[in-house]
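# Observations on chain architecture
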Amino acid sequence: MGMPRPVLLATATATATAALMLSPLPATAAPGADGDRSSHPVRDGGTTDSRVASPALPSAGAAALSSVGTTSLGLRKDGGYPRRTVLDTLPENPADKAIKLGLAPYHALAPRLNALQELGDRVSVEVTGRSAGGHDLYLVTVTAPESAKEAAEQERMRERIENSPASAAKDRRIKESYKTPVFINNNIHGNEWEGTDAALKLIEELARAKDGRTKKLLATSRIHLNVTANPDGRIAGTRANGNGIDLNRDFITASQPEARAIRQIAVDKQPAVMLDLHGYVNGTLIEPTTPPHGENYEYDLFLKNSYANALGMEEAVNDLGYTAEKDGVQPPVIPFRDQEEGWDDWPPIFTPQYMAFQGAVASHTIEIPMRVNNNDYNNLPVEELRRRSGINTAVAGAAMRSTLDFARENRETLIADQIETFRRGVAGEKQRVVSEETVPGVPGIGPEDIYTTDFPRAYVIPAGAGQRSASAAARLVDHLIANDVKVQQARKSFKVAGRDYPAGSYVVDMEQAKRGIANVILDEGRDISADVSSMYDISGWSLGLLWGASVTKVQRGEPDFSGRAVNAASPVGSVAAKGDLKLRLDDPKEFAALNSLLAQGVQVRRTADGAAIVPSSARRKAGILADRYGVVFTATKDKGVAALRRTTVAAAVNSGELFALREMGFEVLPVSTATANAGFDWSRADALYVSTGLSHGALNETARAALGEFLAGGAPVVALGSGGAAFNAEAALLTATAVEGDGNANGVVRVLNTPGPITGGTQPHSFVYSPLWFTGLGKGVRTEQSYGGGNPLVSGHWRGDADGTGGPQAAAGQAAIVSGTSAAGAPVTLFGTEPLFRDHPKGAFAQVGRALLNRLP
């Protein structure tokens, strides 16, 4: 590394006043110790999903998921501002965790926002969706009033900036009157509360202010505030949402309704400047970050603006006057300037990093300083907690106000740089290499900051025989479109780069404004193991390799085809007209269809290669499911080798795995050491999945006997990772030695699948996190999947230990998944990969699904 870097109903006035007075208690001057800035900064609490022994949806969760589905509600684009909405008020909830901190509980937000809309003509509120737990998500826009005609003109300019950036750069009207979109996201981690309260204070200030600076700000900006991105977590005092998912890890997969709502805000509002309020790092941490930097950004434009805004926020926080001696508040930290590595912006899973691909040219995580969650929440006196939360609210507010000053003072530059970001994409230009010459005003730029990519000319997602999974291809196309990537579909067959593609294939022309997010989604990624010693979070991802679709990269050559732009993938579900039906089990949607058939009592059989045979008598039911899930039932004469049955899974898993199992249509019964010892009813389960929270050695005698009886009945067992390997060893299921690789390693890997019912025909790539492999296989233990030869890592970060062990070369050719039968007669599958990681590598889900159905004949 280089040198250190130098709608509205009138309400009673009393009600409005009371709502506006909901604010935290002021900070006192009493000192308080907090985190040590010298320790490794832990953005959002660590690098792995939270492991939960007994996760469960909240009572409203299932209803919320079914009503929101897989799409965002979208925001109004017609009509002017203000756009007033009467928000439904909720009963008081004395259990809301914000109350103890003197902060606004969720049930207070609606009346407060209703009252804020009454203060004048500047404040608008919209409901952008619902959380996993069924709570409304509120977006506030503060701006000077706009007629419907003026708002339509703003939208016309926004679309021109994205779709015709070269002409937009010369558009005098845009230069003079386009309003800078600023987005402030709050409380995405539910137990990092104070951004919400700072936002409410800011909204009231902007609504009431009469000074010229505020008038100019609102005349030249639209300020969009996501009041709480995670109401489930805010109420419960948890980091995750009601599904147990960390929303600030979800911006490449968008598995959660809250993340999809934020994504739609990004697409509809196209913010040039963005803040994401978090906690807790003392001193206040203000991005931009250390290397490595995401290689798909226009990083020169991004760094210039983000660094300048960071300096302003640092000054504003310092001006509050808090000190380490008096208040326990350390000075702010800007990682790009102050740290060598450890706080990177490499993965697109964090909100600010995702926003850069939607046009933000200044985008920041802000970690406010004083810890009030977890053990501190439980152990500190209420007075001290409220003192700290008061400081945090003030710090968050200072960052917000400074950013608004930055947006007001730099409006022309910010819009010009957003236009330039999109112009480079449309023109297919190379990225600019950052240096102190290309990014003036940012000192200390060195070779360690240079990360660029060679964008391909196009991607093709083939149709027909060229596609491994029609369902997966359609999902990938729809996902690209949801991320505002332009996709075309060929009207007739065509050839590009010497390869023939059938009509109906999809083409992603990479000469488009949002080529960055297109490449993030489709590219295989990069091995950065040699670039830095460690990474903050995941280092490899690729929906092109991991979502089960076939994707071809076209490096050079103009795509010559007759096509049309599409707003959704063409329907792919179908059912053969005659005979029994075959359903390939390669995709989560196919498992969802299968589990629905089994739940309806259809007699389904399994083939030797892991597919499902559905009798012709169930054709009508299959037709309904083909339409619902977009799956294909082909004609077959295969009679299958074993009956499949509806499978309820006893699962000791983390929240991402739980969500993925339910996505595939499995009924899941959470189990743990504690619930097993308390008398878990194993008769309700048909299979067992263990990755965490179930220790065989810690079971009492009664629980161990009950589990043994369950396993002796032939129930399939899936054990994953180090927790699963330990359970396998303690329960003496399969003879296999689990070898642990680098515990910090993660990424996309090449794998070789063995023909058969578990991995046969599935995708040739998987995902690892703290990878394992298996040696010393006992008699009858079969390798179902092995790591590829040489260096199996395609993209990510995986280093070996100093003695050469633990690295990807040591894993090469070794067994990644093994299976066999325990002495008690249970079919067991051990995974060293992470096929359900954060609901992400959907093309690998099938391997777990098949293993859970792999009951012996």
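Use the structure listed above.
Below or above, wherever it landed, is the structure these notes cover. (Residues numbered from 1 in each chain as written. Predicted model: local features only at pLDDT ≥ 70, side-chain atom pairs only at ≥ 80, totals over all residues. Heavy atoms only, no water.)

### Things to note about the overall build of the chain
We apply this condition: Numbered from the N terminus, helices here are DSSP runs of H or I no shorter than four residues, and strands are runs of E no shorter than two. Atoms counted for the radius of gyration: C-alpha only. Globule rule: 2.2 Å times the number of residues to the power 0.38. Burial classes follow relative accessibility: with a 1.4 Å probe on protein chains only, a residue under 20% of its type's maximum area counts as buried, one over 50% as exposed, and anything between as partly exposed.
Within the chain, the regular secondary structure consists of 28 helices and 34 strands. Taken over C-alpha atoms, the radius of gyration comes to 27 Å for the chain, in line with the 29 Å a tight globule of 857 residues would show. Dimensions of the chain along its principal axes, counting C-alpha atoms only, are 80 × 65 × 60 Å. Buried residues in the chain amount to 61% of all 857 residues.

### Here's the deal with the pairing of strand S5 (residues 273-279)
Filter applied, for reference: Strands are treated as partners if at least two bridges between them are detected by DSSP.
Burial of S5 is extensive: seven of the seven residues sit out of reach of the surface. Here S5 shows a buried face lined by Val-273, Leu-275, Leu-277 and Gly-279 and a second buried face lined by Met-274, Asp-276 and His-278. Summarising the sheet, strand S3 (residues 180-186) and S5 pair through five bridges and their orientation is parallel. In the strand pairing of S5, Asn-186 is matched with Leu-277. Two strands pair when backbone bridges link them, and S5 and strand S9 (residues 362-368) are joined in this way by seven bridges, in the parallel orientation. Note on S9: the bridge partner recorded for Leu-275 is His-364.

### Examining the pairing of S9
Every other side chain in a regular strand lies on the same face of the sheet, so the side chains alternate between the two faces. Among the seven residues of S9, seven are classified as buried, and the element is accordingly described as predominantly covered. Side chains Ala-362, His-364, Ile-366 and Ile-368 project from S9 onto one buried face, and the interleaved Ser-363, Thr-365 and Glu-367 project onto a second face that is buried too. Strand direction decides the pairing type here: strand S6 (residues 285-286) and S9, joined by two bridges, are antiparallel. By the bridge assignment, Leu-285 is partnered in S9 with Glu-367.

### Here's the deal with the sheet that holds strand S16 (residues 563-565)
Note the threshold: Structural elements are reduced to axes, namely lines fitted to C-alpha atoms, with helices fitted over the stretch in contact, and the angle between N-to-C directions of any two is expressed from 0 to 180 degrees.
In spatial order, the strands read S15-S10-S14-S11-S16; together these five strands make up an open sheet with antiparallel pairing. In this open sheet, the two strands that pair with only one neighbour each are strand S15 (552-554) and S16. For this sheet, the mean angle separating the axes of adjacent strands, direction not counted, is 25°. Where strand S10 (residues 458-461) meets strand S14 (residues 506-509), four bridges bridge the pair, whose relative direction is antiparallel.

### Concerning unusual backbone geometry
The peptide bond linking Tyr-81 to Pro-82 adopts the cis configuration, its omega dihedral lying at 5°. On the secondary structure map, Pro-82 appears in the loop between helix H2 (61-68) and helix H3 (106-117). The residue after Gly-279, namely Tyr-280, is reached through a cis peptide bond having omega 5°. Looking at where Tyr-280 falls in the secondary structure, it is placed in the loop between S5 and S6. In the Ramachandran plot, Asp-484 falls in the positive-phi region, its phi being about 70° despite a non-glycine side chain. Mapped onto the elements, Asp-484 comes out in the loop between helix H18 (470-482) and strand S11 (488-490).

### Considering the pattern of salt bridges
Condition: A pairing counts as a salt bridge when a side-chain nitrogen of Lys or Arg comes within 4 Å of a carboxyl oxygen of Asp or Glu.
Enumeration over the complete set of coordinates arrives at 57 salt bridges. Arg-234 is the salt-bridge partner of Asp-197, the closest N and O atoms lying 2.8 Å from each other. Of the two residues, Asp-197 is situated in helix H7 (residues 194-208) and Arg-234 in helix H9 (residues 231-236); the sequence distance between them amounts to 37 residues. In terms of burial, Asp-197 and Arg-234 fall into one category: buried. Among the salt bridges present, the one from Glu-298 reaches Arg-424, with a minimum N-O distance of 3.0 Å. Taken together, the residues Glu-298 in the loop between strand S7 (290-293) and helix H11 (299-318) and Arg-424 in helix H17 (residues 411-427) connect sequence positions 126 residues apart. Taken individually, Glu-298 and Arg-424 each receive the classification buried, so the pair is uniform in this respect. Through salt bridges with shared partners, one network takes in Glu-298, Asp-300, Glu-420, Arg-423, Arg-424, Glu-429, Arg-432 and Arg-515.

### Some words on the packing of aromatic side chains
Basically, it comes down to this: Think of it this way: a Phe, Tyr or Trp ring, Trp meaning its six-membered ring, pairs with another when their centres are within 6.5 Å, and the plane angle makes it stacked under 30 degrees, edge-to-face over 60, tilted otherwise.
Within the structure shown, the criterion is met by 20 aromatic pairs. Relative to Tyr-377, the ring of Trp-193 lies with its centre 5.6 Å away and its plane at 20°, an arrangement referred to as stacked. Highlighted residues: Trp-193 in the loop between S3 and H7 and Tyr-377 in helix H15 (residues 374-379), separated in sequence by 184 residues. Classification of Trp-193 by relative accessible area gives buried; the value is 1%. When the centroid spacing of 6.2 Å and the interplanar angle of 70° are considered together, the rings of Tyr-787 and Trp-798 count as edge-to-face. Of this pair, Tyr-787 sits in strand S31 (residues 782-787) while Trp-798 sits in the loop between strand S32 (793-797) and helix H27 (808-811), and the two are 11 residues apart along the sequence. Taking relative accessible area as the criterion, Tyr-787 reaches 0% and is therefore assigned buried. A residue is classified by how much of its surface remains accessible, and Trp-798, at 2% relative accessible area, is buried.

### Things to note about H7
Within an α-helix, residues lying three or four positions from one another point in the same direction, as the helix has 3.6 residues per turn. Where we set the bar: To estimate how far a helix should extend, the number of its residues minus one is multiplied by 1.5 Å.
Given a rise of 1.5 Å per residue, 15 residues ought to cover 21 Å, and the 22 Å separating the end C-alpha atoms of H7 matches this to within 8%. In terms of burial, H7 is largely enclosed, as 12 of its 15 residues are buried.

### A closer look at the environment of Gly-359
What counts is decided by this rule: Any two residues whose heavy atoms approach within 4.5 Å are treated as being in contact.
Turning to its location among the elements, Gly-359 is positioned in the loop between helix H14 (351-356) and S9. A relative accessible area of 1% means that Gly-359 is categorised as buried. Residues Gly-359 and Thr-228, 131 residues apart in the sequence, show an inter-C-alpha distance of 22 Å. For Gly-359, the contacting residues outside a window of four places in its chain are Pro-271, Ala-272, Gln-418 and Phe-422.

### Comments concerning the packing of H11 against H17
Applied cut-off: With respect to orientation, any angle under 35 degrees is reported as roughly parallel, any angle over 145 as roughly antiparallel, any angle of 65 to 115 as roughly perpendicular, and every other angle as oblique. What makes a crossing left-handed is the near helix being turned counterclockwise from the far one by less than a right angle; a clockwise turn instead makes it right-handed. Each residue is assigned to one class: nonpolar for Ala, Val, Leu, Ile, Met, Phe, Trp, Tyr, Cys and Pro, charged for Asp, Glu, Lys and Arg, and polar for all the others, Gly among them.
Running from N to C, H11 and H17 point in directions that differ by 165°, and their axes come no closer than 10 Å. Classified by the interaxial angle, the pair formed by H11 and H17 is roughly antiparallel. Crossing of H11 over H17 shows left-handed handedness. Contacts between H11 and H17 pair Asp-300, Leu-301, Lys-304 and Asn-305 from the former with Thr-413, Leu-414, Asp-417, Glu-420, Thr-421 and Arg-424 from the latter. Of the residues belonging to the contact of H11 with H17, the class tally is two nonpolar, three polar and five charged.

### Quick notes on the sheet that holds strand S2 (residues 136-142)
Reading across from one edge, S1-S2-S4-S3-S5-S9-S6 is the order of the seven strands in this open sheet, with mixed pairing throughout. At either end of the open sheet lies a strand with only one pairing partner, and these are strand S1 (123-130) and S6. Where helix H8 (residues 212-220) meets the sheet, it contacts S2, S3 and strand S4 (221-226), and its direction lies at approximately 85° from that of S4.

### Looking at the environment of His-696
Here His-696 shows up in the loop between strand S25 (687-690) and helix H25 (701-712). In sequence terms His-696 and Ser-672 are 24 residues apart; their C-alpha atoms lie 9.9 Å from each other. Setting aside residues no more than four positions away along its own chain, His-696 makes contact with Arg-704, Leu-707, Phe-727, Glu-730 and Ala-731.

### Comments concerning the side chain of Thr-228
Heads up, the condition is: Each polar contact in these results corresponds to two N or O atoms within 3.5 Å; when the atoms are within protein, one needs to be able to donate a hydrogen and the other to accept it, and residues that are neighboring in sequence are counted only if both atoms are side-chain atoms.
Tracing the chain through its elements places Thr-228 in the loop between S4 and H9. Side-chain polar atoms of Thr-228 contact the backbone nitrogen of Asn-230, separated by 3.3 Å. Apart from the residues within four sequence positions on either side, Thr-228 is in contact with Tyr-106, Leu-109, Leu-137, Asn-186, Asn-187, Thr-196 and Arg-234.

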